[in-house]
Amino acid sequence: MGKEEKTIEDGIVVPLLEPSYLDGGTSTSIQTIGNIIVCIVGTGVLGLPFAFKISGYLTGSIGVVIAALSTFYCMNLLVHCRDSIEKEEPGQVKTYGDIGQKAFGLPGRYLTETLIIISQCGGSVAYLIFIGQNLSSIFKHQNIPISWFIIALVPVEIMLSWIQSLSSLSPFSVFADVCNVLAMGIVFKQDLQLFDGISERKAVTTDGIISQGLVFSCGIAVFCFEGFGMTLALERSMKEKKKFKWVLGYAFLGITFVYVCFGLFGYLAYGDDTLDIVTLNLPNDWSSTAVKIGLCLGLAFTFPIMVHPIHEIVEGKLKESMWFQKLCYSDKEEVFEKRERYGVYLCRAFQVIGQALIALCVPGFGVFVSLVGSTVCALLAFVLPSTFHLIFVGSSMALWQKALDIIILFCGFCFAVYGTYNAIVGGSS
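Residues numbered from 1 in each chain as written. Predicted model: local features only at pLDDT ≥ 70, side-chain atom pairs only at ≥ 80, totals over all residues. Heavy atoms only, no water.

In the annotation of an unreviewed UniProt entry, the protein is listed under the name Amino acid transporter transmembrane domain-containing protein and assigned to Papaver nudicaule. Check the Subcellular location (unreviewed entry) section of the UniProt entry for the protein; it says "Membrane". (UniProt positions renumbered as here; feature names shortened; annotations may be inferred.)

Right under this line is the structure:
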């Protein structure tokens, strides 16, 4: 596997991680910060100005900071759990699913992997919605529905999903990240040009700081801090693992600052006209159109990377199933492998079609991102890590540490329930 090859951890793909992380890790602190940024920063950031519009700029800022602090703390909990397990069973834990199995047996692994599948599916659906809405805005004078662009993407994404080696797609992953940065830069520039004072914008919406606005902004912010499943791989990739906590902290500090500024300036510039994907607010000049097309191309070609984790987990279970083995059975090994390969291709095609159908039913990017962030992302990032930490380290923790874990567990669960209700009700209204 070459340097550009993607490494997989619990179904999450990181373009920059060295495969040697499996044997001890060689990444410096600077390289690890780069890997963390690649893991975390995605298209969800372009929905932050909309979150600030819904919640108000003060409430939105608080929501982003809360999500950042909670995610940072729980990522460290996951590493602590792994270290605690490996004191008695060295080398037994490499993935998030492994910790789930150590905590609750096979049901724990199935629960963890199911949540990972759903979260990755949510991310891939968000890709399709994002591409559809941006292409529709470029060709708005032709009045082409968003659904047409999503449907047109299906055969392309099916064929791309059949690519066996992800290394061939790595340049597109970098290209998509570059386009993301360019889009943020153009939005910042546009924000400064349109900024006419803060007095016309709301610090807190009428929903109140502890009600719907805060939960909605937290939902989008949690989605923006995606990549939680890469925690163990990131830590293991470091040459000096003892520095991981500090490196992670510096990365989160920088990312949180950029997120707050981007959401704040985006909302201050466009106010109540802020759309759920802020690039849709940009004028159709050549620079904005080029960035939109670049984003769409980058995401279209990195879609297989987003869905690859789903393929890994689903196909692993599929190949273990007796009915699939009987269906592919042949005395000739070549025939068996050919049937198995075609079965995998068919499985991948159905998955892409299913994700496209979900995308066609979603009312809006912002609402969908908040829903995914409030449900599976919250469970993966807050509820499970705090639960695992209480199980594996609880007996040796101080009272205040136990109390903090219980608070995160309780608040994470309540946030998942209320955030789901809030996103569904808000999306239907």
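That was the structure; now back to the text.
Asks: Can you help me understand the overall build of the protein in this one?
Replies: What the protein contains, in helices and strands, is 15 helices and two strands. Sequence-distant contacts, at least 24 apart, represent 81% of the contacts inside the protein between residues at least 6 apart. A total of about 19100 Å² of accessible surface is found on the protein, and carbon and sulfur atoms cover 67% of it. (Helix = DSSP H or I, 4+ residues; strand = E, 2+ residues; numbered from the N terminus. Contact = heavy atoms within 4.5 Å. Areas by Shrake-Rupley, 256 points an atom, 1.4 Å probe, with all protein chains shown as cover.)

Asks: How should I be thinking about the environment of Asp405 in this particular structure?
Replies: With respect to the helices, strands and loops of the structure, Asp405 is situated in helix H15 (residues 399–428). Residues Asp405 and Val383 lie 22 residues apart in sequence; the distance between their C-alpha atoms is 9.2 Å. Filtering out sequence-adjacent residues up to four positions away, Asp405 remains in contact with Tyr73, Leu77, Ser386, His389, Leu390 and Met397. A distance of 3.3 Å separates polar atoms of two side chains, one belonging to Asp405 and the other to Tyr73. (Polar contact = N/O pair within 3.5 Å; in protein donor to acceptor, adjacent residues only side chain to side chain.)

Asks: Honestly, the packing of helix H3 (residues 57–88) against helix H14 (residues 365–393) in this entry has me stumped. Any pointers?
Replies: Between two packed helices, both the angle of their axes relative to each other and the distance between the axes serve to describe the pair. Packing of H3 against H14 brings their axes to within 9 Å, and their N-to-C directions diverge by 35 degrees. Note on packing geometry: the crossing formed by H3 with H14 is left-handed. Contacts from Ala67, Ser70, Thr71, Cys74, Leu77, His80, Cys81, Ser84 and Ile85 in H3 reach Ala381, Phe382, Pro385, Ser386, Phe388, His389, Phe392 and Val393 in H14. Its residues placed into classes, the contact of H3 with H14 shows 11 nonpolar, six polar and no charged. (Axes fitted to C-alpha atoms, helices over the stretch in contact; angles between N-to-C directions. Left-handed = near helix turned anticlockwise from the far one by under 90°. Nonpolar A, V, L, I, M, F, W, Y, C, P; charged D, E, K, R; others polar.)

Asks: Where do I start with the nonpolar core in this structure?
Replies: Core analysis: the largest hydrophobic core is formed by 113 residues, its most contacted members being Leu46, Ile99, Phe225 and Tyr259. Top element by residues in this core is H14. It accounts for 14 residues. If sequence neighbours within four positions are ignored, Ile99 has contacts with Leu78, Cys81, Arg82, Ile85, Val93, Leu232, Phe388 and Phe392. (Core = buried A, V, L, I, M, F, W, Y, C linked by side-chain atoms within 4.5 Å. Buried < 20%, exposed > 50% of the residue type's maximum accessible area, 1.4 Å probe, protein only.)

Asks: Is there a simple way to think about the packing of aromatic side chains in this case?
Replies: Any aromatic ring pair is given by two values, namely how distant the centres are and how the planes are angled relative to each other. Following the criterion strictly, the structure yields seven aromatic pairs and no others. Aromatic pair Phe104 and Phe388: ring centres 6.1 Å apart, planes at 50 degrees, arrangement tilted. In this pair, Phe104 is assigned in helix H4 (residues 96–104) and Phe388 in helix H14, connecting sequence segments 284 residues apart. Relative accessible area serves as the criterion here: at 42%, Phe104 is assigned to the partly exposed category. On the basis of relative accessible area, Phe388 is assigned to the buried category, the value being 1%. (Phe/Tyr/Trp six-rings, centres within 6.5 Å; stacked < 30°, edge-to-face > 60°.)

Asks: Is there a simple way to think about the pattern of salt bridges in this case?
Replies: Here the idea is simple: oppositely charged side chains can pair when their charged atoms come close. With the rule as written, the count across this model stands at eight salt bridges. Across the pair Arg82 and Asp83 runs a salt bridge, and its minimum N-O distance is 3.0 Å. The partly exposed category is assigned to Asp83, whose relative accessible area is 33%. A salt bridge links Arg82 to Glu235; the shortest N-O distance between them is 2.7 Å. Taken as a pair, Arg82 in helix H3 and Glu235 in helix H9 (residues 231–237) lie far apart in primary sequence, 153 residues in all. One network of salt bridges, in which partners are shared, links Asp98, Arg109, Glu113 and Lys317. (Salt bridge = Lys/Arg side-chain N within 4 Å of Asp/Glu carboxyl O.)

Asks: What is the right way to read the environment of Val41 from this model?
Replies: With respect to the element layout, Val41 can be found in the loop between helix H1 (29–40) and helix H2 (48–55). The sequence separation of Val41 and Phe223 amounts to 182 residues, and the corresponding C-alpha distance is 9.7 Å. If sequence neighbours within four positions are ignored, Val41 has contacts with Ile255 and Tyr259.

Asks: Where do I start with the packing of helix H5 (residues 106–138) against helix H6 (residues 146–161) in this structure?
Replies: It is the contact of H5 with H6, at a shortest axis distance of 8 Å, that shows an interaxial angle of 125 degrees. One element, H5, and the other, H6, form an angle in the oblique class. H6 is crossed by H5, and the crossing has right-handed handedness. In contact with Leu128, Ile131, Gly132, Gln133, Leu135 and Ser136 of H5, H6 contributes Ile146, Phe149, Ile150 and Leu153. (Parallel < 35°, antiparallel > 145°, perpendicular 65-115°, else oblique.)

Asks: Is there a simple way to think about a nonpolar patch on the surface in this case?
Replies: Side chains of Ile151, Leu346, Phe350, Ile353, Leu357 and Leu360 sit close together on the surface and give an oily, nonpolar patch of about 570 Å² of accessible area. Within the secondary structure, Leu357 sits in helix H13 (residues 333–361). (Patch = residues over 30% accessible without salt bridge, like charges linked within 9 Å, V, L, I, M, F, W, Y side chains within 5 Å.)

Asks: Sorry, what's going on with the side chain of Ser137 here?
Replies: Inspection of the secondary structure puts Ser137 in helix H5. A polar contact of 2.6 Å, which involves the side chain of Ser137, links it to the backbone oxygen of Asn134. Apart from residues lying up to four places away in sequence, Ser137 is in contact with Leu280, Asn284 and Lys292.

Asks: Explain H6 here, please?
Replies: Along an α-helix, a turn takes 3.6 residues, which lines up residues three or four apart on a common side. Under the 1.5 Å per step criterion, the end-to-end length of H6 is 22 Å for 16 residues, consistent within 8% with the ideal 22 Å. Looking only at H6, the buried set comprises Phe149, Ile150, Leu153, Val154, Glu157, Ile158, Leu160 and Ser161. Packed against the buried residues of H6 are H5, helix H11 (286–320) and H13. (Expected span 1.5 Å × (residues − 1).)

Asks: Is there a simple way to think about the side chain of Ser321 in this case?
Replies: With respect to the helices, strands and loops of the structure, Ser321 is situated in the loop between H11 and helix H12 (322–328). Polar side-chain contacts of Ser321 include one of 3.4 Å to the side chain of Trp323.

Asks: In this structure, what is going on with the confidence of the model for the protein? I would like to understand it.
Replies: One rule of thumb: low pLDDT means the predicted coordinates there are not for detailed reading. Scored by pLDDT, the protein has a mean of 80; 86% of the residues are at 70 or more. Here residues 1–23 is modelled with pLDDT under 50, and outside its nearest four sequence neighbours on either side it reaches 77 contacts, counting other chains as well. (pLDDT = per-residue confidence, 0-100.)

Asks: Where do I start with the environment of Leu384 in this structure?
Replies: Assignment of secondary structure puts Leu384 in helix H14. By relative accessible area, Leu384 is classed as buried at 8%. Between the C-alpha atom of Leu384 and that of Leu111, which follows or precedes it by 273 residues, the distance is 9.8 Å.

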